[in-house]
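Spelled out from the first residue to the last, the chains are:
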Amino acid sequence: SGDKAQKMMALLQDAVRIADDNRYTYSQENRYGEFQYDCSSLVARLYKKHFDFTAPSTTSGYGSSYRVGRDGSVQLQPGDVLWRSGHVEMYIGNNQQVGAHGRVNRAAADQISVVDYKPGKYTYVYRFIQ
């Protein structure tokens, strides 16, 4: 509520803006470049920018802290992070999620995108902001 809700709305709008702008591409090697992200740096950079919160910068950095349950067993909230070994995405509401996908070995359009959420594709759900 209040300030947190406004910050979360700004974070979600920023995530969709990045997904809609084809200048932004996937890169593990340059994951902190101006227009490049990998899956975990997208989440980490958005949370740092909007909440000054340090989210894990790699998928292996996710432990039990902030874990709220298994995918499909919790009521998702916008901003929740969907985790499985080697990949994370962010739930943005309305049954959609945003993430960075390295489908090819070079920068290409639509590597950061909004897609429909399908329960069961992930292992755990993390919630950094209550």
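Everything numeric here is computed off the predicted structure, so don't read it as measured data.

Rules behind the numbers
- Residues numbered from 1 in each chain as written.
- Predicted model: local features only at pLDDT ≥ 70, side-chain atom pairs only at ≥ 80, totals over all residues.
- Heavy atoms only, no water.
- Helix = DSSP H or I, 4+ residues; strand = E, 2+ residues; numbered from the N terminus.
- Rg over C-alpha atoms; globule rule 2.2 N^0.38 Å.
- Buried < 20%, exposed > 50% of the residue type's maximum accessible area, 1.4 Å probe, protein only.
- Contact = heavy atoms within 4.5 Å.
- Areas by Shrake-Rupley, 256 points an atom, 1.4 Å probe, with all protein chains shown as cover.
- Lys, Arg positive; Asp, Glu negative; His and termini not counted.
- Charge placed at Lys NZ, Arg CZ, Asp CG, Glu CD.
- Phe/Tyr/Trp six-rings, centres within 6.5 Å; stacked < 30°, edge-to-face > 60°.
- Lys NZ or Arg CZ within 6 Å of the ring centre and 35° of its normal.
- Pairing = 2+ DSSP bridges.
- Axes fitted to C-alpha atoms, helices over the stretch in contact; angles between N-to-C directions.
- Parallel < 35°, antiparallel > 145°, perpendicular 65-115°, else oblique.
- Left-handed = near helix turned anticlockwise from the far one by under 90°.
- Nonpolar A, V, L, I, M, F, W, Y, C, P; charged D, E, K, R; others polar.
- Core = buried A, V, L, I, M, F, W, Y, C linked by side-chain atoms within 4.5 Å.
- Expected span 1.5 Å × (residues − 1).

Things to note about the overall build of the chain
(1) Moving on: A count of helices and strands for the chain gives two helices and eight strands.
(2) Moving on: In the chain, the succession of α and β elements from N to C terminus is α-β-β-α-β-β-β-β-β-β.
(3) Moving on: Against the 2.2 N^0.38 benchmark of 14 Å for 130 residues, the chain shows a C-alpha radius of gyration of 14 Å, consistent with a compact globule.
(4) Moving on: In terms of overall dimensions, the chain has C-alpha extents of about 35 × 30 × 25 Å along its principal axes.
(5) Moving on: Out of the 130 residues in the chain, the part that is buried amounts to 48%.
(6) Moving on: Sequence separation of at least 24 residues holds for 57% of the intrachain contacts in the chain that already meet a minimum separation of 6.
(7) Moving on: Looking at the chain as shown, the accessible area adds up to about 7,000 Å², and 45% of this sits on carbon and sulfur atoms.
(8) Moving on: Taken together, the 16 basic and 13 acidic charged side chains of the chain have centroids lying 4 Å from each other.

Things to note about the packing of aromatic side chains
(1) Moving on: Under the definition given, this model contains 12 aromatic pairs.
(2) Moving on: When the ring of Y62 is compared with that of Y126, the centres are 4.9 Å apart and the planes differ by 70 degrees; the resulting orientation is edge-to-face. On the criterion of sequence distance, the pair formed by Y62 in the loop between α2 (39-51) and β3 (67-70) and Y126 in strand β8 (residues 124-126) is long-range, its members being 64 residues apart.
(3) Moving on: Three or more aromatic residues joined by ring pairs make a cluster, and in this case those are Y47, F51, F53, Y62, Y66, Y126 and F128.
(4) Moving on: Taking the ring centre of Y124 as reference, the NZ or CZ of R67 above it sits at 3.8 Å.

Let's talk about the sheet that holds strand β7 (residues 112-116)
Paired through their backbone hydrogen bonds, the strands of a sheet run either parallel or antiparallel.
(1) Moving on: Taken in spatial order, the six strands make up an open sheet running β3-β8-β4-β5-β6-β7, and their pairing is antiparallel. With one partner strand each, in any of the chains shown, β3 and β7 form the two edges of the open sheet. Sheet twist, expressed as the average angle between the axes of neighbouring strands with direction ignored, equals 30 degrees.
(2) Moving on: Bridge count for strand β5 (residues 87-93) against strand β6 (residues 96-100) is three bridges, and the pairing is antiparallel. When the sheet's bridge partners are listed, M90 is paired in β6 with V98.

Section: the packing of helix α1 (residues 3-20) against α2
(1) Moving on: At a minimum axis separation of 9 Å, α1 and α2 run at an interaxial angle of 140 degrees. Taken together, the axes of α1 and α2 lie oblique to each other. When the axes of α1 and α2 are compared, the crossing they make is right-handed. For the pair α1 and α2, the contacting residues are K4, K7, M8, A10, L11, D14, A15, R17 and I18 in the first and L42, L46, Y47, K49, H50 and F51 in the second.
(2) Moving on: Residue composition of the contact of α1 with α2, grouped by class: nine nonpolar, one polar and five charged.

Examining the nonpolar core
(1) Moving on: By size, the foremost hydrophobic cluster in this structure holds 31 residues, and its most contacted members are Y47 and F128.
(2) Moving on: For this core, the secondary structure elements donating two or more residues are α1, α2, β4 (81-84), β5, β6 and β8.
(3) Moving on: No other element matches α2, which puts seven residues into this core.
(4) Moving on: Filtering out sequence-adjacent residues up to four positions away, F128 remains in contact with V43, Y47, F53, A55, P56, Y62, Y66 and V81.
(5) Moving on: Among the nonpolar cores identified, the runner-up in size contains six residues, and Y91, Y117, Y122 and V125 belong to it.

Observations regarding α2
Note on helix geometry: an α-helix contains 3.6 residues per turn, so any two residues three or four positions apart are oriented the same way.
(1) Moving on: With 13 residues, α2 extends 18 Å from end C-alpha to end C-alpha; this agrees with the ideal 18 Å at 1.5 Å per step.
(2) Moving on: With 10 of 13 residues buried, α2 is to be regarded as a mostly interior element.
(3) Moving on: Residues of α2 that are buried include every one of C39, S40, S41, L42, V43, A44, L46, Y47, H50 and F51, and no others.
(4) Moving on: Phi turns positive one or two residues past the end of α2, at D52, with a value near 55 degrees.

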